[in-house]
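Each chain, letter by letter, is given below.
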Amino acid sequence: MLQNLFVAAPVDLSGGFSDFFKTIGLTGGGLVTKGIAAVIAVIAVKMLLQLSNDPKTALRKGSMAIGTLFVAVVLAMYGDTLFSTVTNAKS
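Definitions and limits used
- Per-chain numbering applies: the sequence of each chain, read as written, is numbered from 1 onward.
- Local features are withheld for residues below a pLDDT of 70 in this predicted model, meaning they are given only at 70 or higher, and side-chain atom pairs are given and counted only at 80 or more; totals for whole chains, interfaces and linings count all residues.
- Computation of side-chain values covers all heavy atoms of the structure but excludes hydrogens and water.
- Working definition: helices are DSSP H or I runs of at least four residues, strands are E runs of at least two. Numbering for both runs from the N terminus.
- The rule is simple: take the accessible area with a 1.4 Å probe, protein chains only, and divide by the maximum for that residue type; under 20% is buried, over 50% is exposed, in between is partly exposed.
- Two residues form a contact once any of their heavy atoms are found within 4.5 Å.
- Here, Shrake-Rupley sampling with a 1.4 Å probe gives the accessible areas, and only protein chains in the shown set may cover a residue.

Undergrad: Would you mind showing me how to read the overall build of the protein chain here?
TA: For the protein chain, the helix and strand inventory stands at three helices and zero strands. Helices (α) and strands (β) of the protein chain occur, in sequence order from the N terminus, as α-α-α. Here the protein chain holds 91 residues, and the buried ones make up 15% of them. Partitioning the intrachain contacts of the protein chain with sequence separation of at least 6 by distance along the chain shows that 47% fall at a separation of at least 24. For the protein chain, the exposed area adds up to about 7500 Å²; of that, 69% sits on carbon and sulfur atoms.

Undergrad: Explanation requested: the environment of Gly30 in the structure shown.
TA: Relative to the elements of secondary structure, Gly30 occurs in helix α2 (residues 28-49). With relative accessibility at 3%, the residue Gly30 sits in the buried group. As a C-alpha pair, Gly30 and Thr81 span 51 residues in sequence and 8.7 Å in three-dimensional space.

Undergrad: Just to check I follow, could you spell out the environment of Val42 for this structure?
TA: Within the secondary structure, Val42 sits in helix α2. Residue class for Val42 comes out exposed when judged on its relative accessible area of 57%. Considered as a pair, Val42 and Leu69 are 27 residues apart in the sequence and their alpha carbons are 8.5 Å apart.

Structure follows, in structure tokens:
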């Protein structure tokens, strides 16, 4: 005797992508911001993997890579809030 177990309520996604983005809490601009942050994070990790053997140069390039990674994290967390002030300008 198996009974159906509903984990979540059904969601109407007949509106397409706009309905989908509403369910995950993102707008189109928020999704673009997360994508840009992901690309910046990949670039920062690549910068970290390409450090040289010279300690002075490695320290300088490593700190730049960590700073870039920090910018990517801040952009991923607060980017939609930062850019919403620009897009919601009043004339």
